[in-house]
Amino acid sequence: MDLDETTHLIRAAAERAATYHASLPERGVAPTPESLAALAEFDEPFPEWPAAADETLAMLDRLGSPATMATTGGRYFGFVNGAVLPATMAAHILATAWDQNAALSAMSPLASRVRSVVSRWLVDALHLPTGSEAMFVGGATVANLCGLAAGRDFVLSQVGWDAAGDGLIGAPPVSVIVGEQAHSTIAKSLSIIGLGRKRVIVAPTDDQGRIIPSRLPNVDGPVIVSTQAGELNTGAFDPFEEIIDWARQRNSWVHVDGAIGLWAAASRARRHLTAGMNGADSWATDGHKWLNVPYDSGIILIRDAALLRPTMSARAGYLPEGDLDPMHHTPQSSQRARAFDAWAALRTLGRSGLADLVDRCSDHAQRFAAGLRAAGIEVLNEVVINQVLVGFADDAATDRVIDHIQRSGECWCGGTMWRGRKAMRISVSSWATTEADVDRSLAAITAARDAGL
């Protein structure tokens, strides 16, 4: 393919992307049965001969675009999925053309510099301790893994054990304390780093899923405490100041799973929810949730990045050992330069725009809650950020309502389990959501409830 053909193809892709984006307000959120049935056309034998690139692109657009879930629009409220800001979409397209490997500064001085800038901006925006560093990974699962692995190595080093060098066989036991509503990614991460899913000590929580500090266990030895900023059903925040005070008395490591809630620190109106959070040792969040950058973009922030290096570093004669190279501070070696997306989002939004994004989504959640209550529908949580937890008459009714909403295409909400009952979860995470979107979705939810009466 020559230069002219490549240029034509890139422009065609951008035009198709723009056409797709423009269609979002009018199309249903979920794909139609017909568009899903058409996906069978992908099931062709592996081609024997090359195909024209423009034909391949056209096929992907023709079959793929109608079959997408419209997560980048304003009426998708499932799984706490973010949308994608226009600036980050454009930056992502350009960065894909660059195809930089961000593993080492020697591979991409550009990626290294931008990561450093974004790290400084994030620490500033989220009011974390000066000197903390941010590294980009595939998602909050890996970010949690990094924070917990650093914590494991730190607390074991306090009793003279080198976990990175000697492994865990024969190591002193590590107590890991989590709340009753800890996200499943914490258990997954603990399993991967060898601390086990079943060995956690579960701390009691209140009716919103917040750890109750007075009921933390009496433990000694190496201890890690995993807290939450933004419980994934209720949006609740653990009482960080009391928990961290308890942990510091035991020289413990405190990690914050803040996949969505960490961003509340950027809002003047909601920053109080994160009070004391900056006293922790590591923090995990997602850029592809509330920052609205493309998938996949998780962020691990750590007070002392040097504590990631013993476990994460790669050693070989051909590898340089840069001070803050991502290869030596994250599980991956080769990795795309995710910081470009975050840089575009943060520079375009600025401090005020980031705060407005958090506040606008949270205000939409409040509008949802008020509208639901006015319609006689139960709201199960204290709506403090972007999460609304909704209850219907019984589990069967909840299933019927969710199914009706999803099939209608008017909006998309998912189900969850909360304290032994089925519930519907509304997660307002998209920059594109408007008050009109909320009102249209409220009408759809009420109609779905009424259809089951």
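Nothing here was measured: the structure is a model prediction, and the numbers come from that model.

K.L.:
Give me the overall build of the protein: which residues, what numbers.
P.N.:
What the protein contains, in helices and strands, is 13 helices and eleven strands. For 453 residues, the compact-globule estimate of 2.2 N^0.38 gives 22 Å, and the C-alpha radius of gyration of the protein, at 23 Å, lies within 12% of that figure. By principal-axis analysis of the C-alpha atoms, the protein measures approximately 65 × 60 × 45 Å. The buried share of the protein, reckoned over its 453 residues, is 53%. Once local pairs closer than 6 in sequence are excluded, the contacts in the protein between residues at least 24 apart make up 73%.

K.L.:
How would you explain the pattern of salt bridges if you had to name every residue and give the values?
P.N.:
Tallied over the full model, the rule gives 23 salt bridges. Two residues, R152 and D153, come together in a salt bridge whose shortest N-O distance is 2.9 Å. The exposure class assigned to D153 is buried, which follows from its relative accessible area of 10%. Here R367 makes a salt bridge to E435, at a shortest N to O gap of 3.7 Å. Remark: E435 occurs in helix α13 (residues 435–451) and R367 occurs in helix α11 (residues 339–374); sequence separation between them is 68 residues. The partly exposed category is assigned to R367, whose relative accessible area is 32%.

K.L.:
Requested: an account of empty space enclosed by the protein, with residues and values cited.
P.N.:
The full count for this structure, using the stated rule, is two cavities of 30 Å³ or more. Approximately 120 Å³ is the volume attributed to the largest cavity. Around the largest cavity sit 16 residues that line it, and A102, A111, R115, P326 and A339 are the ones nearest its centre. Looking at which element gives the most residues to the lining of the largest cavity, the answer is helix α5 (residues 109–125), with three residues. Grouping the amino acids of the lining of the largest cavity by side-chain chemistry returns eight nonpolar, four polar and four charged.

K.L.:
Mind laying out helix α6 (residues 140–157), listing which residues take part and the relevant values?
P.N.:
For the α-helix, the turn length of 3.6 residues means that residues three or four positions removed from each other point alike. For α6, built from 18 residues, the straight-helix expectation of 26 Å at 1.5 Å per residue is met to within 8% by its first-to-last C-alpha distance of 25 Å. The buried count for α6 comes to 14 of 18 residues, which makes it a mostly enclosed element.

K.L.:
Tell me what's going on with the sheet that holds strand β7 (residues 298–302), and back it up with residues and numbers.
P.N.:
Spatial strand order, β1-β7-β6-β5-β4-β2-β3: seven strands in an open sheet with mixed pairing. A strand with exactly one partner marks an edge of an open sheet, and here the two such strands are β1 (133–137) and β3 (201–203). Shown here is a sheet whose adjacent strand axes are inclined to one another by a mean of 20°, direction ignored. Bridge count between strand β6 (residues 282–286) and β7: five bridges; the pairing is antiparallel. In the sheet register, S282 faces β7, and the bridge partner there is I302. Sheet contacts for helix α9 (residues 240–248): β2 (175–179), β4 (223–228) and β5 (253–257); angle to β4, the most-contacted strand, approximately 175°.

K.L.:
Go over a negative patch on the surface with me, naming the residues and quoting the values.
P.N.:
A cluster of acidic residues, D2, D4, E5, D43, E44, D54 and E55, forms a negative patch at the surface. Going through the elements one at a time, α1 (3–23) and α3 (53–64) are the ones with two or more residues in the negative patch. Mapped onto the fold, D4 is located in helix α1. According to the relative accessible area criterion, D4 is exposed, its value standing at 63%.

K.L.:
So what about unusual backbone geometry? Which residues, and what values?
P.N.:
A cis geometry characterises the amide bond from Y295 onward to D296, with omega recorded as -5°. Here D296 shows up in the loop between β6 and β7. For D99, which is not glycine, the phi torsion reads 50° and is therefore positive. Take D99: it is sitting in the loop between α4 (86–98) and α5.

K.L.:
Give a description of the nonpolar core that names residues and reports values.
P.N.:
Note on soluble globular proteins: their nonpolar side chains tend to be buried together. The biggest cluster of nonpolar side chains holds 83 residues, and the ones touching the most others in it are L301, V388, I426 and I445. With 14 residues, α11 is the single largest residue contributor to this core. Sequence-distant contacts of V388, that is, excluding residues within four places in its chain, are made with A365, F368, A369, L372, V379, N381, V383, M424, R425 and I426. If you look at the next biggest cluster of nonpolar residues, it comprises 27 residues, including A149, L156, V174 and A284.

K.L.:
Quick rundown of helix α12 (residues 395–408)? Include the residues and the values.
P.N.:
Counted at 1.5 Å a residue, the expected span for α12 with its 14 residues is 20 Å, and the 20 Å between its end C-alpha atoms agrees. Where α12 is buried, its residues meet β10 (414–418), β11 (421–427) and α13. Between the side-chain oxygen at the start of α12 and the backbone nitrogen of A396 there is a gap of 3.2 Å, and the oxygen is on D394. One or two steps after α12, the chain reaches G409, where phi turns positive at roughly 80°.

K.L.:
With reference to specific residues and values, describe the layout of surface pockets.
P.N.:
For the largest pocket, the calculated volume is near 830 Å³. Forming the walls of the largest pocket are 27 residues, and the residues nearest its centre are A13, A17, Y20, M89 and I93. The set of elements that each furnish at least two residues to the lining of the largest pocket consists of α1, α3 and α4. In terms of residue count, α1 provides more of the lining of the largest pocket than any other element does, seven residues in total. When its residues are assigned to classes, the lining of the largest pocket shows 16 nonpolar, nine polar and two charged. Considered as a void within the structure, the second largest pocket measures approximately 250 Å³ in volume. Take the lining of the second largest pocket: its biggest share by element is three residues, from α6. Broken down by class, the residue content of the lining of the second largest pocket amounts to five nonpolar, seven polar and five charged.

K.L.:
Quick one: what's the story with the sheet that holds strand β8 (residues 378–379), residue by residue and with numbers?
P.N.:
With antiparallel pairing, the four strands of this open sheet are ordered in space as β8-β9-β11-β10. The outermost strands of the open sheet, each flanked by one partner alone, are β8 and β10. Looking at chain direction, β10 and β11 are connected through five bridges and run antiparallel. Within the sheet, the bridge partner assigned to G415 lies in β11 and is M424. Each of β10 and β11 is contacted by α12, which is oriented at about 30° to β11, the strand it contacts most.

Calculation notes
- Residues numbered from 1 in each chain as written.
- Predicted model: local features only at pLDDT ≥ 70, side-chain atom pairs only at ≥ 80, totals over all residues.
- Heavy atoms only, no water.
- Helix = DSSP H or I, 4+ residues; strand = E, 2+ residues; numbered from the N terminus.
- Rg over C-alpha atoms; globule rule 2.2 N^0.38 Å.
- Buried < 20%, exposed > 50% of the residue type's maximum accessible area, 1.4 Å probe, protein only.
- Contact = heavy atoms within 4.5 Å.
- Salt bridge = Lys/Arg side-chain N within 4 Å of Asp/Glu carboxyl O.
- 1 Å grid on protein atoms, 1.4 Å probe; cavity = no way out; pocket = protein on both sides within 12 Å on 5 of 7 lines; lining within 4 Å.
- Points joined across faces, edges and corners; volume = space filled by probe spheres on them.
- Nonpolar A, V, L, I, M, F, W, Y, C, P; charged D, E, K, R; others polar.
- Expected span 1.5 Å × (residues − 1).
- Pairing = 2+ DSSP bridges.
- Axes fitted to C-alpha atoms, helices over the stretch in contact; angles between N-to-C directions.
- Patch = residues over 30% accessible without salt bridge, like charges linked within 9 Å, V, L, I, M, F, W, Y side chains within 5 Å.
- Areas by Shrake-Rupley, 256 points an atom, 1.4 Å probe, with all protein chains shown as cover.
- Lys, Arg positive; Asp, Glu negative; His and termini not counted.
- Charge placed at Lys NZ, Arg CZ, Asp CG, Glu CD.
- Core = buried A, V, L, I, M, F, W, Y, C linked by side-chain atoms within 4.5 Å.
- Polar contact = N/O pair within 3.5 Å; in protein donor to acceptor, adjacent residues only side chain to side chain.

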